[in-house]
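Summary of the model geometry
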Amino acid sequence: MAKDTIGIDVSKDRLDAFWHSQDAALSLPNTVEGFAQLCTWLGKNKGVLVVFEATGAYHRGLERYLSLAGQPFIKVNPKQARRFAQAIGRLAKTDSVDARMLARMGVVLDLAPQGIEGEDIHDLRELLTARRAMVKDQITAKTRLATASNPLVKDQLCRRIDDIDTDIKALDQVIAQIAQQRGTLDERIRRLMTIPGIGRLTATTLVIDMPELGHLDSKKIAALAGLAPMTQQSGKWQGKERIIGGRASLRRAIYMPALVAIRFNHDFRDKYQQFVNAGKAKKVAITAVMRRIIVLANTLLREGRDWQPVRP
């Protein structure tokens, strides 16, 4: 029997749903009440896969509700969904059309549901998102302070920077408390911190943004992070390999740790130097080290061991 799916187009105020096997559509509010109505619509059909696009803040409530309800779902990349629509000749773009297209996409591509996450992971992800926003605000304030000359403006900016710093520390404290309450999560963070260059913030970001760590093979985890080079080749033409897609927030999180690892980890430094000596650009060499870090993190968590230096 073919897989049954419900495609949902998510907007700020509304969810437009289309049930593939029932050929039925439903419009719901993007609220907790709307999520409950969706589950009521599903009834006892718990095996139906819900397919929706990642839409920033707008999809998070739906994702959290489905996860806690144990309802299978998959969050797809909007670019991937748009290309699928173009491939099947669906050029029109409306909410109802997109919902129908997402439902069909789940069936045609035989999409698998993503792992169900606990409430603490959703809380941690929200806290981490808030922390990133505050860091951006703090950087903006510091940039303005560097060029400010009016005493009042400078005083306000200094107070703003101090307030943000206090808020960031409060977020860090709550994140650490939640991780400690869930012992397995804190153990995963501690294990990643044994890798030279990986601090607590980076380790926490890795386990929150990539809960798949330790559950996939090296190639899949590198591709998921957007650190697997993709071959560009057609006939006799051979283009440069490039990294495509993946989780940009994760790459930003491990960029600076990669630079630290190149300085203080012999294995990573040798890998970096190997690429540079081969004529590769330094940016390519750093990307290779980032890929090595994510693969190493995946291996340590999968095998349940701490990092140990390679003995000569």
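This one's a predicted model, so the numbers in the text were calculated from it and none came from an experiment. (Residues numbered from 1 in each chain as written. Predicted model: local features only at pLDDT ≥ 70, side-chain atom pairs only at ≥ 80, totals over all residues. Heavy atoms only, no water.)

Attention shifts here to the overall build of the protein chain. Scanning the protein chain from terminus to terminus reveals 12 helices and 9 strands. Taken over the C-alpha atoms alone, the protein chain extends approximately 65 × 60 × 40 Å along its principal axes. The buried share of the protein chain, reckoned over its 312 residues, is 37%. Of the contacts made within the protein chain by residues no fewer than 6 positions apart, 58% connect residues no fewer than 24 positions apart. (Helix = DSSP H or I, 4+ residues; strand = E, 2+ residues; numbered from the N terminus. Buried < 20%, exposed > 50% of the residue type's maximum accessible area, 1.4 Å probe, protein only. Contact = heavy atoms within 4.5 Å.)

Packed helices, taken two at a time, are described by the angle between their axes plus the distance between the axes. For the pair helix α7 (residues 183–192) and helix α12 (residues 282–303), the least separation of the axes is 10 Å and the interaxial angle reads 130 degrees. Overall, the two elements α7 and α12 adopt an arrangement that is oblique. As for the relative orientation of α7 and α12, their crossing is right-handed in sense. Only A297, L300 and L301 of α12 make contact with α7, whose side of the interface consists of R188, R191 and L192. Of the residues contributing to the contact of α7 with α12, the split by class is 4 nonpolar, no polar and 2 charged. (Axes fitted to C-alpha atoms, helices over the stretch in contact; angles between N-to-C directions. Parallel < 35°, antiparallel > 145°, perpendicular 65-115°, else oblique. Left-handed = near helix turned anticlockwise from the far one by under 90°. Nonpolar A, V, L, I, M, F, W, Y, C, P; charged D, E, K, R; others polar.)

Turning to the packing of aromatic side chains, a few remarks are in order. The full count for this structure, using the stated rule, is 3 aromatic pairs. Ring centres of F35 and Y65 lie 5.7 Å apart, and the angle between their planes is 50 degrees; this geometry places the pair in the tilted category. On the criterion of sequence distance, the pair formed by F35 in helix α1 (residues 32–42) and Y65 in helix α2 (residues 60–69) is long-range, its members being 30 residues apart. Take F35: its relative accessible area is 5%, and that puts it in the buried class. (Phe/Tyr/Trp six-rings, centres within 6.5 Å; stacked < 30°, edge-to-face > 60°.)

A few words on the pairing of strand β3 (residues 24–29). Looking at chain direction, strand β2 (residues 14–19) and β3 are connected through 6 bridges and run antiparallel. Considered in β3, the bridge of R14 is made with P29. Here β2 hands over to β3 after 4 residues, with D23 in that stretch at a positive phi of 50 degrees. (Pairing = 2+ DSSP bridges.)

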